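For reference, the chains in residue letters:
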Amino acid sequence: MSAPNEAPRAALVLGNWKMNGDAASAEALLAGLLAGARDIAGAAGVCPPYPYLGLAAARLAGSGIGWGAQDVSAFDDGAYTGEVSARMLADMGCTWALVGHSERRTLFGDTDAEVARKAARALAAGLVPVVCVGETLADREAGSTELVLARQIDAVCPVLREAGERCVLAYEPVWAIGTGLTASPAQAQAAHAFIRGRLAAGGVVAAPRLQVLYGGSVKPSNAVELFGQPDVDGGLIGGASLVAADFLAICRAAAGRA
Ligand code: PEP
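Residues numbered from 1 in each chain as written. Predicted model: local features only at pLDDT ≥ 70, side-chain atom pairs only at ≥ 80, totals over all residues. Heavy atoms only, no water.

1. Section: the overall build of the protein
Item 1. In terms of helices and strands, the protein carries eleven helices and eight strands.
Item 2. A globule of 258 residues ought to have a C-alpha radius of gyration of about 18 Å, and the protein, at 17 Å, matches this closely.
Item 3. The principal-axis extents of the C-alpha atoms in the protein amount to approximately 45 × 45 × 35 Å.
Item 4. Considering the protein as a whole, with its 258 residues, one finds that 53% of them fall into the buried category.
Item 5. For the protein, contacts bridging at least 24 residues in sequence account for 71% of all contacts bridging at least 6.
Item 6. Summed over all atoms, the accessible surface of the protein reaches about 10800 Å², with 57% contributed by carbon and sulfur. (Helix = DSSP H or I, 4+ residues; strand = E, 2+ residues; numbered from the N terminus. Rg over C-alpha atoms; globule rule 2.2 N^0.38 Å. Buried < 20%, exposed > 50% of the residue type's maximum accessible area, 1.4 Å probe, protein only. Contact = heavy atoms within 4.5 Å. Areas by Shrake-Rupley, 256 points an atom, 1.4 Å probe, with all protein chains shown as cover.)

2. Quick look at the site of the ligand
Item 1. Close to the ligand lie 14 residues; Lys18, Glu172, Gly178, Ser217 and Gly239 are nearest.
Item 2. Interatomic distance of 2.5 Å between a side-chain N/O atom of Lys18 and an oxygen atom of the ligand.
Item 3. Separating an oxygen atom of the ligand from a backbone N or O atom of Gly239 is a distance of 2.8 Å.
Item 4. Here the ligand has 290 Å² of accessible area as a free molecule, and 95% of this is covered by the chains. (Near = heavy atom within 4 Å. Polar contact = N/O pair within 3.5 Å; in protein donor to acceptor, adjacent residues only side chain to side chain.)

3. A closer look at the packing of helix α6 (residues 112–124) against helix α8 (residues 145–160)
Item 1. At a minimum axis separation of 9 Å, α6 and α8 run at an interaxial angle of 35 degrees. The interaxial crossing formed by α6 with α8 has right-handed handedness. Side by side, α6 and α8 meet where Asp112, Val115, Ala116, Ala119, Ala120 and Leu123 of the first sit next to Arg151, Gln152, Ala155, Val156 and Val159 of the second.
Item 2. For the contact of α6 with α8, the residue count by class is eight nonpolar, one polar and two charged. (Axes fitted to C-alpha atoms, helices over the stretch in contact; angles between N-to-C directions. Left-handed = near helix turned anticlockwise from the far one by under 90°. Nonpolar A, V, L, I, M, F, W, Y, C, P; charged D, E, K, R; others polar.)

4. Quick look at the pattern of salt bridges
Item 1. Tallied over the full model, the rule gives 18 salt bridges.
Item 2. One continuous salt-bridge network, built from bridges that share partners, spans Arg9, Arg196, Asp231 and Asp233. (Salt bridge = Lys/Arg side-chain N within 4 Å of Asp/Glu carboxyl O.)

5. A few points about helix α3 (residues 53–60)
Residues spaced three or four apart along an α-helix face the same direction, because each turn holds 3.6 residues.
Item 1. Where α3 is concerned, the buried positions are Leu53, Leu55, Ala56, Ala57 and Leu60.
Item 2. Close packing links the buried residues of α3 with α1 (23–35), β2 (44–47), β3 (65–69) and α4 (86–91).
Item 3. Of the residues trailing α3, Gly62 is marked for its positive phi of about 80 degrees.

Quick look at the structure:
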């Protein structure tokens, strides 16, 4: 939903497959999504592991379902063994690149500054960065949620100021990712409104028009209520994106939210 007098923000649901599956299961999942593509075209995408991006590109081309990467290098081409550049992802037809997912931040040490560099590389290559932010349970219990979100947002504002509407934010409370715990609709709305306001305060003039997705144990059973919040524009979906019927149901919930 959008503020009065503004064009409604389009819904978007992205599936983050993480490091799951193999070629056969990726093929089956893509086939399942294609079977429901008509309902969700233009409002959904998947982020498979790098080795299956080519498969996603081949199967999803022309379907209206997009594809993206789960991460991107903070470097341009060169001697960076194991890295994948934004330009390579653009070559694979990716629309989006996730940056700053909490698993990257906590398990692989991605810093706020590195997340900003990754977002900049993505934008320079014509990709849409999906900047993930969120607090831990300890942060929330200490009353530091807004402090943490502000720090994470402020680090990317200089990059996102130049992006116009070519960026997406994802609020993913770390305590809700893969745990079965979900932020209440009110908690999600409060965080999304804060994120949008902080972006605006940081000079990101497109903030009112940017899609801010919610991620953290979204399921078909809770999607409608979450996506019914005025500042929740869709979802970033982990576990449920591995089951075609569940992902399609979540996408339909987002599409009907306005
Ligand atoms: C995620 O990892 O981005 C995520 C939201 O995971 P899940 O839906 O499994 O909580």
